[in-house]
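Structural features, examined
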Amino acid sequence: MSAPRLEINLPKLHHNARTLVRRLAAQGIAVTGVSKATLGMLEIVHTWLGAGVGSIGESRIEAIEALVRSGITVPLLLVRSPMLSQVDRVVASASISCNTDIDVLNALAAAAKQQGRCHGVLLMVELGDLREGILPADLESVVQQILAMSNLQLMGIGTNLGCQHGIAPNVENMGDLSRLTTALEQRFHLTFPWCSGGNSANLPWLADGGDPARINHLRLGEALLLGREPLHRTAIPGLHTDAISLVAEVIEAKHKPSQPWGERGRTSFDGSPTAPRREGSSQRVQRALLALGEQDVDPAGLIPPQGTVIRGASSDHLVVESPGQPLAVGDEQRYQLSYSALLRAMTSPFVDRCFVDRCFVDHDVVDGSCIASSARWG
Ligand SMILES: *Cc1c(COP(=O)(O)O)cnc(C)c1O
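One structure accompanies this document, and this report is about it. Just so it is clear, the model here is predicted, and its values are computed rather than measured.

1. Things to note about the overall build of the protein chain
Within the protein chain one finds 10 helices and 17 strands. The C-alpha radius of gyration of the protein chain comes to 23 Å, within 12% of the 21 Å expected for a compact globule of 378 residues. Summarising its shape, the C-alpha atoms of the protein chain cover approximately 75 × 45 × 40 Å along the three principal directions. Counting all 378 residues of the protein chain, 50% fall into the buried class. Once local pairs closer than 6 in sequence are excluded, the contacts in the protein chain between residues at least 24 apart make up 65%. Charged side chains of the protein chain number 33 positive and 38 negative; the gap between the two group centres comes to 2 Å.

Take a look at the structure:
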């Protein structure tokens, strides 16, 4: 098998999805599985649907179109506000989109009318993280305008915290979302299908006994894929954190001095892990190079195997020391991934994707099959 490669364990992904879907269902919360970090990988989408996920979220219209072409029939949610230039495509393929802009909403309504379709709208509210969202004070007027547009169905309001400034869902902001939902429903005499509380960052708040109140929907990516919550990167009890891992191959292993020598300038990638200064520069340590770099993954988001320390990375090399277990050329090493590392690896044309275990769910995936990593939307 070639390296680098992402090894994807579908049974573990199935377990993560089933566990979260059940836990949240007990609190009256439905799950949209957000597959954007996997570019809408069909095998993963099938696995999630088999585990009780009811709808799929994607950030790119290309991925949504590919899912439609592959025969996925559950509701597909575009989790990013549509580009004005893509409203036709959004209406044609996405059932619902997240929205914050009245011009986009008008264009969606016109496109939906022209195509004879009904398009769902999840209106995003700004509750402090300062990414997308309408300010609460502007909500009523925007809702009023949407209700006057034909061919749009207002699914309700939602919010997104954590991603931009790490703002944590808590009793105040989640309470605000519930109160806004109730106020809008009373003002306009209707019932929204969704009150969409957020993403994986909402799980610690719920696990700590947070009251969902009106919240009946979450959009989950990282928790399903990596078994972690994003705010503190802690593992979620009962979930696998190694359902997806990255395997890379050693291309050099030599004993070298522990300190560089010569005049020093800047490195090729400021910000990537750098060698800490250590005493005893005459000491020789084994340094190994892996054929893995910034072109394949976000090296800062790699979690090395026990006993291995990452000393640095550039475009195509990962430099490690593994004192306990010396490495040899040709050896493979397995790394765990942060969300950013997973995203970069999934988008790199140099990283293969393999399924490592038979999946006992209602679709057929062959052991150890490898997907060519070339673009799949051609
Ligand atoms: C990416 C995204 C999600 C999923 O976030 P996770 O932290 O991976 O669960 C949910 N909602 C929106 C709007 C997103 O952009």
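What follows continues from the structure just given.
2. Quick notes on the sheet that holds strand S4 (residues 76-78)
Pairing is parallel in the closed barrel, where eight strands are placed in the order S2-S3-S4-S5-S6-S7-S8-S9. Each neighbouring strand pair of the sheet contributes to a mean axis angle of 30°, computed without reference to strand direction. With three bridges connecting them, strand S3 (residues 55-58) and S4 associate as parallel partners. Of the residues in S4, the one forming a bridge with Ile56 is Leu76.

3. Points about the site of the ligand
Neighbouring the ligand are 14 residues, the closest being Lys36, Ser200, Arg219, Gly221 and Glu222. Between the ligand and the protein, one listed contact pairs an oxygen atom with a side-chain N or O atom of Lys36 at 2.7 Å. Here the ligand, which alone exposes 390 Å², has 95% of that area covered by the protein. Here the ligand occupies the largest pocket. Classifying every residue of the shell around the ligand gives five nonpolar, four polar and five charged.

4. Topic: the environment of Thr347
Among the secondary structure elements, Thr347 is positioned in helix H10 (residues 339-347). Sequence spacing of Thr347 and Asp88 is 259 residues, and the spatial spacing of their C-alpha atoms is 25 Å. Of the polar contacts made by the side chain of Thr347, one reaches the backbone oxygen of Leu343; its length is 2.6 Å.

5. Looking at the packing of helix H6 (residues 136-147) against helix H7 (residues 171-188)
At a minimum axis distance of 11 Å, the contact between H6 and H7 shows a crossing angle of 40°. As judged from the angle between their axes, H6 and H7 are oblique. In terms of crossing hand, the pair formed by H6 and H7 is right-handed. Side by side, H6 and H7 meet where Pro136, Leu139, Glu140, Val143, Gln144 and Leu147 of the first sit next to Leu180, Leu184, Arg187 and Phe188 of the second. Looking at the contact of H6 with H7 residue by residue, the classes come out as seven nonpolar, one polar and two charged.

6. Quick word on the packing of aromatic side chains
In this structure the tally under the stated criterion is zero aromatic pairs. Cation over ring: Arg187 sits above Phe188, and NZ or CZ is 4.5 Å from the ring centre.

7. So, the packing of helix H1 (residues 10-25) against helix H2 (residues 42-50)
The axes of two packed helices give the description: the angle between them and the distance between them. Where H1 contacts H2, the axes come no closer than 8 Å and their chain directions differ by 40°. Judged by the inter-axis angle, H1 sits oblique to H2. For the crossing formed where H1 meets H2, the hand is right-handed. Contacts between H1 and H2 involve Leu10, Leu13, His14, Ala17 and Arg18 from the former and Glu43, Ile44, Thr47, Trp48 and Gly50 from the latter. The residue makeup of the contact of H1 with H2, split by class, is five nonpolar, three polar and two charged.

Criteria and thresholds
Residues numbered from 1 in each chain as written. Predicted model: local features only at pLDDT ≥ 70, side-chain atom pairs only at ≥ 80, totals over all residues. Heavy atoms only, no water. Helix = DSSP H or I, 4+ residues; strand = E, 2+ residues; numbered from the N terminus. Rg over C-alpha atoms; globule rule 2.2 N^0.38 Å. Buried < 20%, exposed > 50% of the residue type's maximum accessible area, 1.4 Å probe, protein only. Contact = heavy atoms within 4.5 Å. Lys, Arg positive; Asp, Glu negative; His and termini not counted. Charge placed at Lys NZ, Arg CZ, Asp CG, Glu CD. Pairing = 2+ DSSP bridges. Axes fitted to C-alpha atoms, helices over the stretch in contact; angles between N-to-C directions. Near = heavy atom within 4 Å. Polar contact = N/O pair within 3.5 Å; in protein donor to acceptor, adjacent residues only side chain to side chain. Areas by Shrake-Rupley, 256 points an atom, 1.4 Å probe, with all protein chains shown as cover. 1 Å grid on protein atoms, 1.4 Å probe; cavity = no way out; pocket = protein on both sides within 12 Å on 5 of 7 lines; lining within 4 Å. Sits in = over half its atoms within 2 Å of the grid points. Nonpolar A, V, L, I, M, F, W, Y, C, P; charged D, E, K, R; others polar. Parallel < 35°, antiparallel > 145°, perpendicular 65-115°, else oblique. Left-handed = near helix turned anticlockwise from the far one by under 90°. Phe/Tyr/Trp six-rings, centres within 6.5 Å; stacked < 30°, edge-to-face > 60°. Lys NZ or Arg CZ within 6 Å of the ring centre and 35° of its normal.

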